[in-house]
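Analysis of the macromolecular model
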Amino acid sequence: MKKTVNIKIGRNEDCPCGSGKKYKKCCEGIKKPIQVNLEKHYKKKYGIHLKNVEQIEGIRKAGILVVETHKLAEQYIKPGISTNEINDIIHEHTIKNGAIPAPLNYKGYPKSACVSVNDVICHGIPGDLILQDGDIVNVDITSILDGYYADSNQTLFVGTPGDDAKKIVQVVRDCFKAGMSMVKPGNTIGDIGWAIQDHAEKNNCSVVREFIGHGIGLDFHEAPQVPHFGKKGSGVPLVPGMVFTVEPMVNLGGPRLYILDDEWTAVTADGSLSAQFEETIVVTEDGYDSLTPMGI
C-alpha cells in the first residue's frame, strides 16, 4: 500500500523511499512528495499495524456483535439489578454468538465485562452491588470474534438521573464527539486529545490521564496510544487504515484517582461522578468509520 502523504521524518531515520540510506543523505532535499509505503513506515516508526480491507471487515463483524450485546444489556439496566447479573447477560450472549469476552482472565481480570458505577472511572468488577435509582453505570464490552477484537462502552442512567448525572453524561458525550471530529488524515492524535480536554475543561470537568484509548483489532491493546488530553498538532499523524479506540473518561470533579485493593477498580479521589463513551474506529481517506456504531 503506497500513498503520498505529509509525514515528519527525522534526518537520521531510514529514508522512506526504501533506498536504505539515511533521509538526510537521500530524499531530504527533494521538493516533490516522497512515495511512502505507509504500512512499512508506520510499523517501523510507530509500531502501528495498519489494517487492510479484510482485517477491517473482521473487526467490523466483531463490532456488530459488541453493539448488539450493549443493546441487550441496556434492556436490563434498571434499579434492582446487580452488576454481576449484567456481566452474566453479556457473557452468555457473547458465547452464544461464537465469540470470546476479551476481558475474562485478561491479566487476571475475573469477569467478562467492566461495569463501573457512579464514582468508578473504569474497570469496575461486577459483583453483588445492586443498582439504585439515580445511579449512572458505564458498561464496557470487548469481544473477540474469529480472532478480531472490537471494543466499546457507554454510560447509562439508572432510573431517574439527578442534575449532576445529567451534566457529566452530556459533557462526556460532547467530549467524545469533539474528539471524533478531529479524526481524519492530516490531523494528529494530539488533535483528538486537545479537542476532548478543551471541551471538558470549558465545562469545569476534568479528563482522566491514567487511562487512554489504544490501537485494537488483532489484539486487545495495540499501538498507538490515544490520550484524551494534549496539544494540537502533536503525536502520530493520522492515516487511512489506523484502527483505534476513542474513549474519554471525564470526571465531574478533579482528575485524581486511586485504585481499590482489588487492583483493578479505579475511582475518583474526590468521590465525584465519572462517565465515559467509547467506539472502535478506522481512519478512512476522508475521515473515519465507526466499527462499533453506538449512536453516541
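Heads up: these notes are all about the structure in this document. (Residues numbered from 1 in each chain as written. Predicted model: local features only at pLDDT ≥ 70, side-chain atom pairs only at ≥ 80, totals over all residues. Heavy atoms only, no water.)

Neighbouring strands of a sheet are bound in pairs by backbone hydrogen bonds; such pairs are parallel or else antiparallel. As summarised here, the arrangement of the 3 strands in space is S5-S14-S13, forming an open sheet in which the pairing is antiparallel. In the strand order of this sheet, the two ends are held by strand S5 (120–122) and strand S13 (257–259), each with one partner. When the angles between neighbouring strand axes are averaged without regard to direction, this sheet yields 40°. Pairing analysis gives 2 bridges linking S5 to strand S14 (residues 266–268), with the strands arranged antiparallel. Within the sheet, the bridge partner assigned to Val-120 lies in S14 and is Val-267. (Pairing = 2+ DSSP bridges. Helix = DSSP H or I, 4+ residues; strand = E, 2+ residues; numbered from the N terminus. Axes fitted to C-alpha atoms, helices over the stretch in contact; angles between N-to-C directions.)

Assignment of secondary structure puts Val-183 in the loop between helix H4 (163–180) and helix H5 (189–202). Put simply, Val-183 and Ala-62 are 121 residues apart on the chain and 22 Å apart in space, counted from C-alpha to C-alpha. Once you skip the residues sitting within four places of it in the chain, Val-183 turns out to touch Ile-192, Leu-238, Phe-244, Ile-281, Val-283, Gly-287 and Tyr-288. (Contact = heavy atoms within 4.5 Å.)

Moving on, we come to the packing of aromatic side chains. Taken as a whole, this structure holds 4 aromatic pairs when the rule is applied. Aromatic side chains Tyr-106 and Phe-220 sit 4.8 Å apart centroid to centroid with 55° between the ring planes, which places their arrangement in the tilted category. Of this pair, Tyr-106 sits in the loop between strand S3 (100–101) and strand S4 (114–117) while Phe-220 is found in the loop between strand S9 (213–215) and strand S10 (222–226), placing the two residues 114 residues apart along the sequence. Looking at Phe-220, the relative accessible area reads 8%, which means it is buried. A cation over an aromatic ring shows up here: Arg-209 above the ring of Phe-229, its NZ or CZ 4.8 Å from the ring centre. Positioned over the ring face of Trp-194 is Lys-232, at 4.5 Å from the centre of the ring. (Phe/Tyr/Trp six-rings, centres within 6.5 Å; stacked < 30°, edge-to-face > 60°. Buried < 20%, exposed > 50% of the residue type's maximum accessible area, 1.4 Å probe, protein only. Lys NZ or Arg CZ within 6 Å of the ring centre and 35° of its normal.)

The N-to-C vectors of helix H2 (residues 53–76) and helix H3 (residues 83–96) enclose an angle of 145°; their axes lie 9 Å apart at closest approach. Both H2 and H3 take part in a crossing whose hand is right-handed. Between H2 and H3, the residues in contact are Leu-65, Glu-68, Thr-69, Leu-72, Ala-73 and Tyr-76 and Ile-89, Ile-90, His-93 and Thr-94, respectively. For the contact of H2 with H3, the per-class residue count stands at 6 nonpolar, 3 polar and 1 charged. (Left-handed = near helix turned anticlockwise from the far one by under 90°. Nonpolar A, V, L, I, M, F, W, Y, C, P; charged D, E, K, R; others polar.)

Turning next to the pattern of salt bridges. Scanning all chains against the criterion turns up 4 salt bridges. In this structure, Arg-60 and Glu-57 form a salt bridge, with 3.2 Å as the shortest nitrogen-oxygen distance. Pair noted here: Arg-60 and Glu-57 are both in helix H2, with a separation of 3 residues, about one helical turn. Of the charged contacts, one joins Lys-202 and Asp-198 as a salt bridge, the two residues approaching to 3.1 Å between their closest N and O atoms. Taken together, the residues Lys-202 and Asp-198, both in helix H5 and 4 residues apart, mark about one turn of the helix. (Salt bridge = Lys/Arg side-chain N within 4 Å of Asp/Glu carboxyl O.)

Let us look at the packing of H4 against H5. Running from amino to carboxyl end, H4 crosses H5 at an angle of 150°, the nearest separation of the two axes being 8 Å. In terms of axis orientation, H4 runs roughly antiparallel to H5. Judged by the sense of rotation from one axis to the other, the crossing of H4 with H5 is right-handed. Counting all contacts with H4, which are made through Val-171, Asp-174, Cys-175, Ala-178 and Gly-179, the residues of H5 involved are Ile-192, Ala-195, Ile-196, His-199 and Ala-200. A class-by-class count of the residues in the contact of H4 with H5 yields 7 nonpolar, 2 polar and 1 charged. (Parallel < 35°, antiparallel > 145°, perpendicular 65-115°, else oblique.)

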